[in-house]
Amino acid sequence: MAVLISNDAELTELLSREEICAVVEHVLAAEGVEREVEISLSYVDEAEMYELNREWRGIDRTTDVLSFECDSAFDDSIPECEPLELGDIILAPEVIAAQAPSFGNTPADECRLMLVHGLLHLLGYDHIEDDEAEVMEAREDEFLRELAVMRGEDPARVSVGPITNHAHD
């Protein structure tokens with residue numbers, strides 16, 4: 001597994017690079033991804049995230065995370081000797097840190113949620129329909145509680161928040 005991290009604007013990184021890799025490794029293993037994969041993670045400022053959200057989703061406001069899937073983690077047509085390029089996760093740490101208190105989270109907790117959320121999108125999860133959102137949110141909750149235990153923290157304090165349905169965007 002390779003996680004290529006970019007922070008050209010030198011923004012505050014809410015998680016260490018080691019933790020990011022640990023989160024990615026845990027989620028991929030739990031989802032049954034056994035192949036070598038590459039993921040790109042980029043930190044962008046609020047203005048750039050606004051533009052990306054407007055350009056790629058047609059939504060005229062900023063957001064916290066965007067994901068762009070490339071290869072499917074379960075695509076058997078790609079030779080085993082080639083790593084899969086799962087895709088790109090874009091995080092806006094300024095947005096994440098600003099919204100964290102409203103969800104009862106620390107900026108780091110909220111960033112973990114956004115990272116897991118972005119990874120699940122790369123693995124084919126979605127939240128357009130309520131039933132899909134419930135499945136995705138349940139996986140987020142499960143992973144965040146497991147990761148809390150791995151960090152030696154109380155999993156009961158994990159807060160995922162409301163269903164991440166975007167049907168009303």
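Keep in mind that this is a model prediction, so the values were computed, not measured.

K.L.:
I would appreciate a short explanation of the side chain of Gln99 in the present structure.
P.N.:
Checked against the element boundaries, Gln99 lands in helix α3 (residues 93–99). Relative accessible area serves as the criterion here: at 17%, Gln99 is assigned to the buried category. Apart from the residues within four sequence positions on either side, Gln99 is in contact with Asp64, Glu110 and Met114.

K.L.:
Sorry, what's going on with the nonpolar core here?
P.N.:
Most often, soluble globular proteins keep nonpolar side chains buried together rather than apart. Counting 40 residues, the largest nonpolar core has Ile20 and Leu91 as its most contacted members. Residue contributions to this core peak at eight residues, all from helix α4 (residues 107–122). What Ile20 contacts, discounting residues up to four positions off in sequence, is Val3, Ile5, Leu15, Leu41, Tyr43 and Leu115. Grouped together as the second largest cluster of nonpolar side chains are seven residues, Val44, Met49, Leu66 and Ala92 included.

K.L.:
Honestly, the pairing of strand β1 (residues 2–6) in this entry has me stumped. Any pointers?
P.N.:
Side chains Val3 and Ile5 of β1 all project onto a buried face; the interleaved residues Ala2, Leu4 and Ser6 project onto a face where none is buried. Taken together, the five bridges between β1 and strand β2 (residues 37–43) define a ladder with parallel strand orientation. Each residue of the ladder has a partner; that of Val3, found in β2, is Ile39. In this region the chain leaves β1, passes through helix α1 (residues 17–30) and returns to the parallel neighbour β2; the handedness of that crossover is left-handed.

K.L.:
Got a minute to help me understand the pairing of strand β4 (residues 84–91) in this structure?
P.N.:
Sheet faces and side chains relate simply in a regular strand, where the side chains alternate between the two faces. For β4, the buried fraction is high: six of the eight residues fall into the buried class. Relative to β4, β2 is paired through seven bridges, and the arrangement is parallel. What sits directly across from Ser40, in β4, is Asp88. Here strand β3 (residues 65–69) pairs with β4 via five bridges, running antiparallel. Paired with Glu69 across the two strands is Gly87, which belongs to β4.

About the criteria used
- Residues numbered from 1 in each chain as written.
- Predicted model: local features only at pLDDT ≥ 70, side-chain atom pairs only at ≥ 80, totals over all residues.
- Heavy atoms only, no water.
- Helix = DSSP H or I, 4+ residues; strand = E, 2+ residues; numbered from the N terminus.
- Buried < 20%, exposed > 50% of the residue type's maximum accessible area, 1.4 Å probe, protein only.
- Contact = heavy atoms within 4.5 Å.
- Core = buried A, V, L, I, M, F, W, Y, C linked by side-chain atoms within 4.5 Å.
- Pairing = 2+ DSSP bridges.
- Right-handed = clockwise from strand over helix to strand, strands pointing away.

Any link to function would need more than the numbers given here.
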